[in-house]
Amino acid sequence: MTTAEPVSSAASRFAYLDGLRGAALILMVLNHTAREWMDGPMTWERYGLIYVTLTMAAPTFLFLVGFCLPLALRSAPGATEGLGALARRFVPRGARIVLAGLLLNLVVFPDEPILSGGVLQTIGLAIVAMVPALWLLRWPVARWALLLVAAGGYVAFMLAVPALTRFVAAHDLIGLILFYDFPPWPWLSLVLVGLVLGWTWLEAYRRSPAAATRFMVVMAAVGATLVAGFFLYDSWAATPLRFGMRRDVILNRHWTPRPPALLWVFGMVLLLLAAAYWVMERRGARLPWLVILGRTALFLYFLHQVLAFTLVKEWLGWRFNAWPRFWLANALFMVLLLGCGWVWSAVRGRIARAHRPALPSPG
């Protein structure tokens, strides 16, 4: 691929990114089932599973939102694509995802206000909010500026936590809309970092496969350093519970990492990114089942909550308190979701082909 070649929708699908998104979906399913399919006293094993999957699933999804946006551009990095054109392409996409999040609230969480925030709402808002940043990235100096904005947004949130705690206590509805379940502030900072790294990787990829691989080697080294720093800090500080929420911010009953845990979150996201690239791009592992999960992740994110919460927990009242039963139930559940993803992908492909303009007949 040359530097002048546009990225088409077909070329922008990299298997390793779909595979990583599929892995994040599996982690999120495990997080939800560990919360909802078990009852009784909270054991340390269950608590650890909930915390580890929590800190890896949604952050990976949000990071990939930013990382993948440059791949959706019709032109090469550095080429001119106006702010208006970018807005026309990405704002409707973001709005649809926000509406999907509101519909999920209505279907699965009827006891909560329909306008309550959620991961889908944050993803949709992130796509809209990244449009100006995507336009600015054509200038190399803007990348450093955007990283500073991302860091500043996180630091400002940490400083504002006491005031925000009082705010959400005094304004229930507004608090649920703005600061609930991975809220835009501070999680857009992670999306912004992903955007800058995705643009940088795409530039390396256009230069050569070797340059793209070197980029991922750096990401792996940085990720490993951050994770090692997380464990070294805990050893130095004698943290009583490394994988636990007491060390972090709990705002509106939802988690945001403080700086020590942020080392773990960023480190694992970068390690997962590099590992997916190495396995699926460099080593050539196909893993089609993981790719299907990743390519249908939005649909399956919606569907799995309807099945796990509304059907299994509420209507059927099933519980899987013994670990062998829990893991077997999750394995069967993932097979079901994989089948649903395959069907959805096939149906969507047929619809797309049906609406594709017919080629003129020869002669």
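Going by the structure above, here's the rest.
Since the model is a prediction, treat every value here as computed from it, not as a measurement. (Residues numbered from 1 in each chain as written. Predicted model: local features only at pLDDT ≥ 70, side-chain atom pairs only at ≥ 80, totals over all residues. Heavy atoms only, no water.)

A. Up close: the overall build of the chain. Looking only at helices and strands, the chain features 12 helices and two strands. Going from the N terminus to the C terminus, the chain shows its helices and strands as α-α-α-α-α-α-α-α-β-β-α-α-α-α. Based on the C-alpha atoms only, the size of the chain along its principal axes is roughly 70 × 45 × 45 Å. Within the chain, contacts between residues at least 6 apart in sequence are counted, and of these 78% link residues at least 24 apart. Counting every atom, the chain has about 17,900 Å² of accessible surface; 70% of that belongs to carbon and sulfur. Here the chain contributes 31 positively and 15 negatively charged side chains, and the mean placements of these two sets differ by 10 Å. (Helix = DSSP H or I, 4+ residues; strand = E, 2+ residues; numbered from the N terminus. Contact = heavy atoms within 4.5 Å. Areas by Shrake-Rupley, 256 points an atom, 1.4 Å probe, with all protein chains shown as cover. Lys, Arg positive; Asp, Glu negative; His and termini not counted. Charge placed at Lys NZ, Arg CZ, Asp CG, Glu CD.)

B. Structural detail: helix H8 (residues 209-237). Its 29 residues place the ends of H8 42 Å apart at the C-alpha level, agreeing with the 42 Å of an ideal helix rising 1.5 Å per residue. Residues Ala211, Ala212, Thr213, Phe215, Met216, Met219, Gly223, Val227, Phe230 and Asp234 constitute the buried set of H8. Next to the buried residues of H8 lie helix H1 (15-36), helix H2 (44-68), helix H7 (184-207) and helix H9 (259-282). Phi turns positive, to about 55 degrees, at Ala238, one or two residues after H8. (Expected span 1.5 Å × (residues − 1). Buried < 20%, exposed > 50% of the residue type's maximum accessible area, 1.4 Å probe, protein only.)

C. Structural context of the side chain of Arg46. Following the sequence through the fold, Arg46 ends up in helix H2. As a buried residue without a salt bridge, Arg46 has its nearest oppositely charged side chain in Asp39, at a separation of 6.8 Å. Only 3.0 Å separates the side chain of Arg46 from the backbone oxygen of Arg35, close enough to count as a polar contact. Other than its neighbours up to four places away in sequence, Arg46 contacts Ala34, Arg35, Met38, Asp39, Gly40, Pro41 and Trp323. (Salt bridge = Lys/Arg side-chain N within 4 Å of Asp/Glu carboxyl O. Polar contact = N/O pair within 3.5 Å; in protein donor to acceptor, adjacent residues only side chain to side chain.)

D. Spotlight on a nonpolar patch on the surface. A cluster of nonpolar side chains, namely Leu103, Leu106, Val107, Ile114, Leu115, Leu173, Ile174, Ile177 and Leu178, defines an oily patch on the protein surface of about 750 Å² accessible area. Secondary-structure elements contributing two or more residues to the nonpolar patch are helix H3 (83-108) and helix H6 (172-178). Counting through the fold element by element, Leu106 comes out in helix H3. Residue classification places Leu106 among the exposed residues on the basis of a relative accessible area of 53%. (Patch = residues over 30% accessible without salt bridge, like charges linked within 9 Å, V, L, I, M, F, W, Y side chains within 5 Å.)

E. Inspection of the pattern of salt bridges at higher detail. According to the stated counting rule, one finds six salt bridges in the structure shown. With a shortest N-O distance of 2.9 Å, Glu203 and Arg143 are connected by a salt bridge. Note that Glu203 is positioned in helix H7 and Arg143 in helix H5 (residues 140-170), a separation of 60 residues in sequence. For Glu203, a relative accessible area of 22% gives the class partly exposed. Look at Arg143 and you get buried, because its relative accessible area is 13%.

F. Quick peek at the environment of Val218. Turning to its location among the elements, Val218 is positioned in helix H8. By relative accessible area, Val218 is classed as partly exposed at 46%. Separated by 56 residues in the primary sequence, Val218 and Ala274 place their C-alpha atoms 8.8 Å from one another.

G. Here's a closer look at the packing of aromatic side chains. The final tally for this structure, using the stated rule, is 32 aromatic pairs. Between the aromatic rings of Trp135 and Trp139, the centroid separation amounts to 5.4 Å while the plane-to-plane angle is 85 degrees, which identifies the pairing as edge-to-face. According to the relative accessible area criterion, Trp139 is partly exposed, its value standing at 42%. Grouping aromatic residues by their ring pairs yields a cluster made of Tyr51, Phe182, Trp187, Phe230, Phe231, Phe243, Trp255 and Trp264. The side chain of Arg138 reaches across the aromatic face of Trp139, ending 5.6 Å from its centre. (Phe/Tyr/Trp six-rings, centres within 6.5 Å; stacked < 30°, edge-to-face > 60°. Lys NZ or Arg CZ within 6 Å of the ring centre and 35° of its normal.)

H. Summary view of the packing of H1 against helix H11 (residues 297-316). One way to put it is that H1 packs onto H11 with a least axis distance of 11 Å and a crossing angle of 15 degrees. One way to sum up the angle between H1 and H11 is to call them roughly parallel. For the pair H1 and H11, the sense of crossing is right-handed. Contacts between H1 and H11 involve Arg21, Leu25, Met28, Val29, His32 and Glu36 from the former and Ala297, Leu300, Tyr301, His304, Gln305, Phe309 and Lys313 from the latter. Broken down by class, the residue content of the contact of H1 with H11 amounts to seven nonpolar, three polar and three charged. (Axes fitted to C-alpha atoms, helices over the stretch in contact; angles between N-to-C directions. Parallel < 35°, antiparallel > 145°, perpendicular 65-115°, else oblique. Left-handed = near helix turned anticlockwise from the far one by under 90°. Nonpolar A, V, L, I, M, F, W, Y, C, P; charged D, E, K, R; others polar.)

I. Focus on H9. With 24 residues, H9 extends 33 Å from end C-alpha to end C-alpha; this agrees with the ideal 34 Å at 1.5 Å per step. Where H9 terminates, the next one or two residues include Gly284, which has phi positive at roughly 80 degrees.

J. Broad picture of the nonpolar core. Counting residues in each nonpolar core, the largest one holds 97 residues, and the members touching the most others are Tyr16, Leu17, Phe63, Phe67, Phe90, Trp201 and Met216. The element that contributes the greatest number of residues to this core is H2, accounting for 15 residues. When near neighbours in sequence (up to four residues on either side) are disregarded, Tyr16 contacts Phe67, Trp201, Met216, Leu273, Ala276, Tyr277, Met280 and Glu281. Within the second largest apolar cluster, 11 residues are counted, among which are Phe157, Val161, Leu164 and Val249. (Core = buried A, V, L, I, M, F, W, Y, C linked by side-chain atoms within 4.5 Å.)

K. Main features of the environment of Trp199. Turning to its location among the elements, Trp199 is positioned in helix H7. Taking the C-alpha atoms as reference points, Trp199 and Arg143, separated by 56 residues in sequence, lie 9.1 Å from one another.

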